[in-house]
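The residues making up each chain are set out below.
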Amino acid sequence: MTSDNVNNNQLTKVVGYTFPVLITILFLYFAFRGINLNESFSIISKSSILPLLLYIIIFFLSHLARAVRWKFIVNSVKNDVSMFHLFGSVMVSYGVSCVVPRLGELYRGLFLGRWEGISRSTVIGTIVVERIIDIAAFAFAALISVSIFQVNLYDKIIWLKTSLIIGFSLIFCLTIFLIFLVKFQKIFRNGLIKISKKFSDKIANRVRSIFDTLLSGLSSIKGTKNIFFIFVWTILLLLLYALNAYVGFYILGMDSSGTVTFKMAWIVMTISSFGVMIPAPGGTGPYHAISILVLTQLFLFSNEISAAFAILTHFINYVLFILSTLLFIFIVNRQREKKGLKKETFLSVFNLNTEEK
């Protein structure tokens, strides 16, 4: 490898690590500019315990619902996948993404593949499918927010219409691409193998294996029953997310500052979700900025209590994700040790020599 290639790789790594941090700092600056944070933390210090406990319960239920929905997606790959492993993989995904944006989705597939003894490429294929479902679900949820808000929501959130157009365009393009990929899989497969053979037969065999297992994951949704339950659990997932935001209002006593409704929570949830999609660690920064914007501009809450809501809900989620990640990996490794299996760590799951078939 030449010195230029080494320098380019180092530069890419530096940009990859610093860019999310810069996004976080920039959004945090705009989120809290001009806000009395002392007052916000004073509001947080007076949080109600019972709503806080209820918030935590709903938090785990919402991600359990995501794991249940994922089970219906992976049914055609393996129909007896452990719910504990599915739930653990989901929490690991979010925990890792709290540190390195988007890397969590890869780890979700890697850990579940190892824990269940199935191809990690196939599992990652099911995650791609799930993410397309998520984009579509949140896009439609945002359209519902537009319809239930008392005035034109596009006038209040000027970037929302453009974001929805981009979102639906992305859904359309990804769906068409996947349909063509599945329909003309032999053409894609042979083309990739032909190109990779120019490098070596070993690489070509590897490409063939990855393509076949990934395609298996991409075409994993089969059967009317699975499709029906995926739809039902997607709706339930959105409702639980909105319910979490609704309970969050009561943790901070926001009901004493004005009327709070589930409809408000739905709007806050759907629009603030755009912040989580921006590549910042755990949505830190974008989530705060958008949540504060929605609460102050749409529902006329004060800057300080809106900031308190964003800070507290994000902090709870962040801590629970990190702790859950460490706890699930610890518990599963203890279970594996008792069965005489090796532990899996954040490094060992990348070992290609033990790829499950």
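J.: I'm lost on the overall build of the protein chain in this one. Help?
T.: Counting its regular elements, the protein chain contains 14 helices and 0 strands. If you list the helices and strands of the protein chain from N to C, you get α-α-α-α-α-α-α-α-α-α-α-α-α-α. Sorting the 357 residues of the protein chain into buried and exposed places 47% on the buried side. Here the contacts in the protein chain between residues at least 6 apart in sequence split such that 72% fall between residues at least 24 apart. About 18,400 Å² of surface is accessible on the protein chain, with carbon and sulfur atoms providing 69% of the total.

J.: What should I look at first to understand the packing of aromatic side chains in this one?
T.: Given two aromatic rings, one states the distance between the centres and the angle between the planes to describe the pair. The full count for this structure, using the stated rule, is 20 aromatic pairs. Ring centres of phenylalanine 72 and phenylalanine 229 lie 5.0 Å apart, and the angle between their planes is 15 degrees; on these two criteria the pair is classed as stacked. Of the two residues, phenylalanine 72 sits in helix α3 (residues 49-74) while phenylalanine 229 sits in helix α11 (residues 224-251), which places them 157 residues apart along the sequence. According to the relative accessible area criterion, phenylalanine 229 is partly exposed, its value standing at 28%.

J.: What exactly am I supposed to notice about the confidence of the model for the protein chain here?
T.: Should the pLDDT be low somewhere, the predicted coordinates at that spot are not to be read in detail. Looking at the protein chain as a whole, the pLDDT averages 86, with 90% of positions reaching at least 70. When the criterion is pLDDT under 50, residues 4-8 qualifies, and its contacts beyond four places in sequence or with other chains add up to 1 contact.

J.: I keep staring at the pattern of salt bridges and nothing clicks. Help me out?
T.: Note on pairing: side chains with opposite charge can pair once their charged atoms come close. The final tally for this structure, using the stated rule, is 13 salt bridges. Arginine 131 is the partner of glutamate 105 in a salt bridge, and the nearest nitrogen-oxygen pair spans 2.2 Å. Taken as a pair, glutamate 105 in helix α5 (residues 103-116) and arginine 131 in helix α6 (residues 120-148) lie far apart in primary sequence, 26 residues in all. Its relative accessible area of 17% is what places glutamate 105 among the buried residues. Residue arginine 131 is classed as partly exposed on the basis of its relative accessible area of 25%. Via salt bridges that share partners, Arg66, Arg69, Glu105, Arg108, Glu130, Arg131 and Asp134 belong to a single interconnected network.

Here is what the cut-offs are and how they apply
Residues numbered from 1 in each chain as written. Predicted model: local features only at pLDDT ≥ 70, side-chain atom pairs only at ≥ 80, totals over all residues. Heavy atoms only, no water. Helix = DSSP H or I, 4+ residues; strand = E, 2+ residues; numbered from the N terminus. Buried < 20%, exposed > 50% of the residue type's maximum accessible area, 1.4 Å probe, protein only. Contact = heavy atoms within 4.5 Å. Areas by Shrake-Rupley, 256 points an atom, 1.4 Å probe, with all protein chains shown as cover. Phe/Tyr/Trp six-rings, centres within 6.5 Å; stacked < 30°, edge-to-face > 60°. pLDDT = per-residue confidence, 0-100. Salt bridge = Lys/Arg side-chain N within 4 Å of Asp/Glu carboxyl O.

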